[in-house]
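Structural characterization, general
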Amino acid sequence: MGELGVTLAPWRPAVAHALHRNRSLVYSRYVQLATVDEYGRPANRTVVFRGFRANTNQLLFVTDRRSQKAHQAVIQPWAEICWYFPKTREQFRLLGQIRLIAVDTPDPADHQLRQQLWQQLSDPARLQFTWPQPGAAAAGREAFTGDPPPNDEPVAPFCVLLLEPERVDHLELRGEPQNRWLYERRGDTWGSQQINP
Ligand SMILES: Cc1cc2nc3c(=O)[nH]c(=O)nc-3n(C[C@H](O)[C@H](O)[C@H](O)COP(=O)(O)O)c2cc1C
């Protein structure tokens, strides 16, 4: 994961095109991320796509170390993203393994990526990482006030979540008939084929 010089996967131009054509819709960067919990049950939620890691095909997200998805990433890394682009009426499903970059990462490049994504957050977004334990019984309002933490150093719960896709299923509703492509990674190479919708 994360080596330099990884070739752009063949599905990347289609995602880039969809992002471009849907750029006027802020919510076209919201994706549904499904993970598997410790009992083998699905867990699904919305997260914001933060771009691709440079020179890789990995998708970037940010999250709180105390969230369920962060725990699930550690115990069971398989995950799938479902991404719908309303303007172009197409869906991408990206299956792969997720990995968490937390405060104690020993890897300098990962450490730098975590700093960088923290710096790109808005004040209100940074403030959320100082809130009380997510999912615990509601704390009083005073626990949610205060100044946003400084943007030079991430607070401990802040994590980067990476998804390394292995299979990408792209469905375009537009067209008679609809178009559907399947891309699968085998080691360092990607195969692709058009399949029935
Ligand atoms: C539009 C929208 C965007 C969101 N973006 C994020 C995000 O980028 N990262 C995140 O951790 N949670 C995000 N959330 C909150 C998650 O959907 C979820 O409620 C929270 O992370 C707890 O989920 P979990 O306990 O299953 O991990 C977002 C929610 C919405 C509605």
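Just above, that's the structure.
Residues numbered from 1 in each chain as written. Predicted model: local features only at pLDDT ≥ 70, side-chain atom pairs only at ≥ 80, totals over all residues.

**Looking at the overall build of the protein**
The helix and strand tally for the protein stands at four helices and eight strands. Along its sequence from the N terminus, the protein presents helices and strands in the succession α-β-β-β-α-β-β-α-α-β-β-β. Computed over C-alpha atoms, the radius of gyration of the protein comes to 18 Å, within 12% of the 16 Å expected from 2.2 N^0.38 for 197 residues, which places it in the range of a compact globule. By principal-axis analysis of the C-alpha atoms, the protein measures approximately 55 × 35 × 35 Å. Taken over 197 residues, the protein has a buried fraction of 22%. Considering only residue pairs separated by 6 or more positions, the protein has 61% of its internal contacts joining residues 24 or more positions apart. (Helix = DSSP H or I, 4+ residues; strand = E, 2+ residues; numbered from the N terminus. Rg over C-alpha atoms; globule rule 2.2 N^0.38 Å. Buried ≥ 20, exposed ≤ 12 C-beta atoms within 10 Å, placed from the backbone. Contact = placed C-beta atoms within 7 Å.)

**Some details on the site of the ligand**
In the vicinity of the ligand lie 15 residues, with Arg45, Thr63, Ser67, Gln68 and Lys69 positioned nearest. Elements with a contribution of two residues or more to the shell around the ligand: strand S2 (42-48), strand S3 (59-64) and helix H2 (68-75). The leading source of residues in the shell around the ligand is S2, at five residues. Looking at the shell around the ligand residue by residue, the class counts come to seven nonpolar, five polar and three charged. (Near = placed C-beta within 6 Å. Nonpolar A, V, L, I, M, F, W, Y, C, P; charged D, E, K, R; others polar.)

**Side note on H2**
Listed in full, the buried residues belonging to H2 are Lys69, Gln72 and Ala73. For H2, the angular spread of buried residues about the axis comes to 105°, placing them on one side. Looking at H2, the residues exposed on the side facing more than 90 degrees away from the buried face are Val74 and Ile75. Next to the buried residues of H2 lie strand S1 (30-36), S2, S3, strand S5 (90-101) and strand S6 (158-172). (Arc of directions from axis to C-beta.)

**Examining the environment of alanine 43**
Looking at where alanine 43 falls in the secondary structure, it is placed in strand S2. Exposure remark for alanine 43: the 15 C-beta atoms within 10 Å place this residue in the partly exposed category.

**Here we look at the nonpolar core**
With 29 residues, the main nonpolar core has Val62, Val160, Leu161, Leu162 and Leu163 as its most contacted residues. Every element with two or more residues in this core is listed here: helix H1 (12-21), S1, S3, strand S4 (78-85), S5, helix H3 (108-119) and S6. Ranked by residue count, the leading element in this core is S6, at seven residues. In contact with leucine 162, not counting residues within four places along its chain, are Arg53, Gln58, Leu60, Ile98, Arg99 and Ile101. (Core = buried A, V, L, I, M, F, W, Y, C linked by C-beta atoms within 7 Å.)

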